[in-house]
Amino acid sequence: MSGLVDVETAVASRTVARRKSVWDALEHEGVLGYLLVLPALAILALFIAYPFALGVWLSLTDKLVGQPASFVGVANFVVLWDSQIFRRAFLNTFIYTVAATILKLVLGLALALLLNQKFRFQRLARAASLLPWIVPTVLSTMAWLWLFDATYSPFNWILIHLGVLKQGIRWLGDPVLAMLSIILVNTWRGIPFFGISFLAALQTISREVYEAAEIDGAGMLATFWYVTLPLIKPVLFVVLLFSIIWTFADFQLVYALTRGGPYNSTHLLATLAYQIGLGSGALGRGAAISLFMFPLLVLVVIVQLWFLRREE
């Protein structure tokens, strides 16, 4: 009987020792850190790594909806580069991104400087400035569709009654005006993001710095150029980085406003990839169009990070 008790005691002690060793291992920083990061890594692998790898594979095949895929290598990329529509979309993406980003940067900085001043209803003005950013993209674009309507456009009505025009302009029917229109709408939507981000950076600048600049005789322009701008430069680079990525890959706004028209004149890489990949069912070629954006965005990120580290 005593032997049986000794065996049970030995087994219990071994179980306790195992559990203690497991808990000791879990309490180790390296093991516990990996366990805590594991759910995030699983989400990234499922929703980012796997779709990206699938997109790379599809871009190297002639995959069509409902048909098996065959490996074709870089044939999709060669065919696309020979396409006039693709080259137009490629150029449009650069024009759209550069023009909209510059406008958002300048106007967003001006908005931040304005909102940083003391005036009545300051908090209300700051909250109202966020409306273009808060409203869903498709919903706000529907309102802009009405504003650009050839028959009922308020812009045309104002210009006609001011005597500037004799008849309404087809804002979305002319290739140049349609491109200017989508740039305008993207700028209107993105200004609050720039403005609030820059305003947060301006709030961190001590008043004593401006007082020292005033004592040294610096004017308004000199204070902005030599004091304000250098101090908000880190935030400026980060905001620019996010804006360039979002604008370069923009889809909703352009598709809801023009669907790439008229005559494919406002297609961006994202809208063209959707039209070819899902609209016509050529998944392989659509994936190839999407992947054309990847190395360019990686280059933008590398350049921006280099500038940030250089500033540090």
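Scanning the entire structure with this criterion turns up 26 aromatic pairs. Here the aromatic rings of Trp133 and Trp246 are separated by 5.9 Å at their centres, their planes lie at 40 degrees, and the arrangement is tilted. Linking Trp133 in helix 6 (residues 131-134) with Trp246 in helix 11 (residues 220-248), this pair joins segments that are 113 residues apart in sequence. Taking 6.1 Å as the distance between ring centres and 90 degrees as the angle between the ring planes, the aromatic pair formed by Phe193 and Phe194 counts as edge-to-face. Across the pair, Phe194 and Phe193 agree in class, each one buried. An aromatic cluster of at least three residues, connected via ring pairs, comprises Phe77, Trp81, Phe86, Phe90, Phe94, Phe248 and Phe292. If you follow Arg189 out to its NZ or CZ, it ends over the ring of Trp133, 5.8 Å from the centre.

Turning to the pattern of salt bridges, a few remarks are in order. Taken as a whole and judged by the stated rule, the model has one salt bridge. A salt bridge links Arg207 to Glu214; the shortest N-O distance between them is 3.3 Å. The exposure class assigned to Arg207 is partly exposed, which follows from its relative accessible area of 49%. By relative accessible area, Glu214 is classed as partly exposed at 49%.

The subject of this paragraph is unusual backbone geometry. Note the cis peptide between Gly261 and Pro262, where omega equals -5 degrees. Positionally, Pro262 belongs in the loop between helix 12 (252-257) and helix 13 (269-279). A positive phi angle, near 60 degrees, is found at Phe121, a position not held by glycine. Tracing the chain through its elements places Phe121 in the loop between helix 4 (84-115) and helix 5 (122-128). Phi is positive for Arg259, close to 55 degrees, though the residue is something other than glycine. Relative to the assigned elements, Arg259 resides in the loop between helix 12 and helix 13.

Thresholds, definitions, all that
- Residue numbers restart at each chain and count upward from 1, following the sequence in its written direction.
- Given that the model is predicted, a residue must reach a pLDDT of at least 70 before its local features are reported, and side-chain atom pairs must reach 80 or more before they are shown or counted; all residues, however, enter totals for whole chains, interfaces and linings.
- With hydrogens and water excluded, all non-hydrogen atoms of the structure serve as input to the side-chain values.
- Planes of paired rings set the category: under 30 degrees apart is stacked, over 60 is edge-to-face and the rest tilted, where pairs are Phe, Tyr or Trp rings (Trp by its six-membered ring) whose centres lie within 6.5 Å.
- Secondary structure elements follow DSSP: runs of H or I of four or more residues count as helices, runs of E of two or more count as strands, with numbering from the N terminus.
- For every residue, the accessible area obtained with a 1.4 Å probe (protein chains only) is divided by the maximum for its type, and the residue is called buried under 20%, exposed over 50%, and partly exposed between those limits.
- Geometrically, a charge over a ring is one whose NZ (Lys) or CZ (Arg) sits within 6 Å of the ring centre while staying within 35 degrees of the ring normal.
- The working definition used for a salt bridge is a side-chain nitrogen of Lys or Arg within 4 Å of a carboxyl oxygen of Asp or Glu.

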